[in-house]
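Architecture and fold: a report
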Amino acid sequence: MYNKREIMLRAWSLYRKGGVSFAEALHRAWTSAKARPENERRIEAAKAAAGISESVSTWAGWKAEGRTVKHGSRALFTVELIHGSRGDGATYKASFFAWSQTETAA
């Protein structure tokens, strides 16, 4: 069910950033992995409620894919997601943009 390799890689990444012990980094990596299905469920529910059928992502998500959000575009919806890598289960609001609101990065 969980990809243990990804969890360990995430734990090492958090540990190397500094500031936490490896045990804490591993705890945070597991918390993130456990929050992922709930976050995906929340995104799909908000997408369905907004009546959107095309692919959506956050500004940072589109940037990671080599695209930029067009200037002046407004987020289609926001979702409160669980931020597992902080280790406290805090939530944050993420804004989502559709593929049609993006363009290839220059």
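The structure this text deals with has already been given above.
Below or above, wherever it landed, is the structure these notes cover. Positions within a chain are numbered from 1, following the residues in the order the chain's sequence is written. Only residues with pLDDT of at least 70 are given local features in this predicted model, and only at 80 or more are side-chain atom pairs given and counted; all residues enter the totals for whole chains, interfaces and linings. Side-chain numbers come from the whole structure's heavy atoms, not from hydrogens or water.

This paragraph deals with the pattern of salt bridges. Think of a salt bridge as a Lys or Arg side-chain nitrogen and an Asp or Glu carboxyl oxygen that are within 4 Å of each other. Counted by the stated rule, this structure contains three salt bridges. Linking Glu38 and Arg41 is a salt bridge whose minimum nitrogen-to-oxygen distance equals 2.6 Å. Remark: Arg41 and Glu38 occur in helix H2 (residues 22-50); sequence separation between them is three residues, near one turn of the helix. Looking at Arg41, the relative accessible area reads 48%, which means it is partly exposed. Measuring nitrogen to oxygen at the nearest pair gives 3.0 Å for the salt bridge that ties Glu38 to Arg42. On the criterion of helical spacing, the pair formed by Glu38 and Arg42 is a turn pair, its members being four residues apart in helix H2. Put simply, DSSP H or I for four residues or longer makes a helix, DSSP E for two residues or longer makes a strand, and each gets a number counted from the N terminus. Between buried and exposed lies partly exposed: a residue is buried under 20% and exposed over 50% of the maximum accessible area for its type, with that area taken using a 1.4 Å probe on protein chains only.

For Ala75, the location among the structural elements is in the loop between strand S2 (67-69) and strand S3 (77-82). C-alpha of Ala75 to C-alpha of Ala98: the two residues are 23 residues apart in sequence and 8.2 Å apart in space. The contact rule is simple, with two residues in contact once any of their heavy atoms fall within 4.5 Å. Dropping the residues within four chain positions of it, Ala75 is found in contact with Ser95, Phe96 and Phe97.

In short, shape yes, function no, at least from these values alone.
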